[in-house]
Amino acid sequence: MSYVALDLGSADQIQASRRPDLVPRDPAARRTLARQVAFDAVVYGLTPAFEYAQLCRQHAEDGRAFGRFVHERRLAAPGFAVFRAPNVDTLYSTAWLDLREGPAVIELPDFGERYFTLHLLDFFGNGANLSRRTIGTAREIWLVAPGDEVRVPAGAARIAAAARVVWVLMRIQVSGDEPEVHALQDAVVLRAPSLGAEPRPADRGRGFGPRVDPTEVETSWAAFLRAMDGALRLGGVPDMEQALVSRFGLLGLAGEAPVDPDRLDAAIQEGAAQGFADAMGVLDACRPQLGERVATGWTKVCDKGAHGVNYLSRSVMNLVGLAANVVEENTSYNTYVDVDGVFLDGATSDYLLRLDRQPPARAFWSVTMYDGEGLLVANPIDRYAVGSATPGLVVDPDGGVSIAISPDRPAEGNWLPAPRGRFFLALRMYEPLPEALDGVWTPGAVQRRDAVSR
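The rules behind the values
Residues numbered from 1 in each chain as written. Predicted model: local features only at pLDDT ≥ 70, side-chain atom pairs only at ≥ 80, totals over all residues. Heavy atoms only, no water. 1 Å grid on protein atoms, 1.4 Å probe; cavity = no way out; pocket = protein on both sides within 12 Å on 5 of 7 lines; lining within 4 Å. Points joined across faces, edges and corners; volume = space filled by probe spheres on them. Nonpolar A, V, L, I, M, F, W, Y, C, P; charged D, E, K, R; others polar. Axes fitted to C-alpha atoms, helices over the stretch in contact; angles between N-to-C directions. Helix = DSSP H or I, 4+ residues; strand = E, 2+ residues; numbered from the N terminus. Parallel < 35°, antiparallel > 145°, perpendicular 65-115°, else oblique. Left-handed = near helix turned anticlockwise from the far one by under 90°. Contact = heavy atoms within 4.5 Å. Salt bridge = Lys/Arg side-chain N within 4 Å of Asp/Glu carboxyl O. Phe/Tyr/Trp six-rings, centres within 6.5 Å; stacked < 30°, edge-to-face > 60°. Buried < 20%, exposed > 50% of the residue type's maximum accessible area, 1.4 Å probe, protein only. Lys NZ or Arg CZ within 6 Å of the ring centre and 35° of its normal.

Asker: Could you clarify how one ought to interpret empty space enclosed by the protein in this entry?
Answerer: One simple way to see leftover space: roll a probe sized like a water molecule over the atoms. Considering all chains together, one arrives at four cavities of 30 Å³ or more under this definition. Taken as a whole, the largest cavity encloses approximately 320 Å³ of empty space. In terms of lining residues, the largest cavity is bounded by 24 residues, among which Ala85, Gly321, Ala324, Ser332 and Arg428 are the most central. In the lining of the largest cavity, the residues fall into 14 nonpolar, six polar and four charged. Its volume calculated, the second largest cavity comes out at about 120 Å³. Taken together, 15 residues form the lining of the second largest cavity, with Gln54, Gln58, Glu72, Val82 and Thr94 sitting closest to its centre.

Structural data, given as structure tokens:
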């Protein structure tokens, strides 16, 4: 920090106005200001808006807002709509826990050596994990709201949440044994001690705000504002960000009443629409910049679930793939380009990825294929990733792994089918070993096959 942070709480000179800030009378000036404020609101608020949309999706699918899992019973495949860039190694389950009236208890079965994690997120993408790495063999976890001094029973683990409402995203590894994983999913119990063994009923008379269409939140400025406003009201705003959020009041966000975009005047509506489009364009342009570029052309994804005030990075990360897990749980790399910096495109090239040794992970690793929007692409063999759990994985004599990446099947070896168009790759290491975390190991280059043969 190059400046001194001043604590003005006891300063005699500082007085705050009780009047709202100026709103320009001139429509052109009002439109300009609304455009700037909407831009900033999107950069700041994409993560809470997108997460709130997931809460609405769960309510629509399950009829309950809180306290109950919705289990995915099949691995992600083309058409998976919950969020972008899903892994295809684990089954997902999602639940929302309301801590406003007391703690929630999570009871876990014995997962044995199978990889699992319950990823806990606030509306700002701050993550923590219940996993073998963090809780060992603990089977009962009490999740408490900020400032809640509740004492937990002996033998139970206590987790202090960062918000009053928490998203639980559970991942359990599948190795061709979905029925066993289904049983483990069903064995995870959520309960509220104040209500006995029963999950907390939906809404419980308090509600969670307006219902939004998750697909519209990504394309409509009005739906985005409704989702962002719902998240801020439900989850709260960090103390240090109240001044920033108050600026968004021009758009009706976080005011006395829920936001109503239809009641904004025409100039503010026009500016908000422009600012939303501007911000989404900037976020989209920044997709390839997540993390640190390494010599082989890959980018190591950094600071997942640990964003602080890096609002642009936070929003880009959650646009590319909502609810990315922390690096200690899942160290990952992605690349949109080959080793020469040319965008990956199955319509123009075939590629070869050579890993000089298998990625260092205690649990498992995988390389997953996505189109340019982070969606899984249909292919003739229904394969969307190659990794340590791939049946028949071919390991080279020196212990490395070579993966052919192309629309057409190669004569032999490991094949990751590619679309005939732009795509990107994500390499994930679950329970990464130290050489993955500290960057001693990095993935090999993605090279065009014609370049390799020369």
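Structure shown, so let's carry the discussion forward.
Asker: Whenever I open this one, the packing of helix H1 (residues 27–62) against helix H8 (residues 311–320) confuses me. Can you help?
Answerer: Viewed as axis vectors pointing N to C, H1 and H8 meet at an angle of 40°, and their least axial separation amounts to 8 Å. Considering the angle they form, H1 stands oblique to H8. By crossing handedness, the relation of H1 to H8 is classed as left-handed. Between H1, through Val42, Val43, Tyr44, Leu46, Thr47 and Phe50, and H8, the contact on the second element is made entirely by Tyr311, Leu312, Arg314, Ser315, Asn318 and Leu319. A breakdown of the residues in the contact of H1 with H8 according to their chemical character gives eight nonpolar, three polar and one charged.

Asker: Mind showing me how you'd approach the pattern of salt bridges here?
Answerer: Any two side chains of opposite charge can pair if their charged atoms end up close together. This structure, assessed with the given rule, holds 25 salt bridges. For the salt bridge of Glu329 with Arg133, the shortest nitrogen-to-oxygen distance reads 2.7 Å. Here Glu329 is found in the loop between H8 and strand S12 (330–335), whereas its partner Arg133 is found in helix H2 (residues 132–135), with 196 residues between them in sequence. Salt bridges linked by common partners bring Glu113, Arg132, Arg362 and Glu431 together as one network.

Asker: In this structure, what is going on with the packing of aromatic side chains? I would like to understand it.
Answerer: Aromatic ring pairs: the centre-centre distance and the angle between the two ring planes describe each pair. Tallying each qualifying case throughout the model produces 17 aromatic pairs. Aromatic side chains Tyr44 and Tyr311 sit 5.1 Å apart centroid to centroid with 75° between the ring planes, which places their arrangement in the edge-to-face category. One end of the pair, Tyr44, is in helix H1; the other, Tyr311, is in helix H8, with 267 residues separating them in the sequence. In this pair, the class of Tyr44 matches that of Tyr311, namely buried. Across the ring face of Tyr44, the terminal group of Arg314 is positioned such that the distance to the ring centre comes to 5.2 Å. When the ring centre of Phe343 is taken as reference, the NZ or CZ atom of Arg422 above it lies at 4.3 Å.

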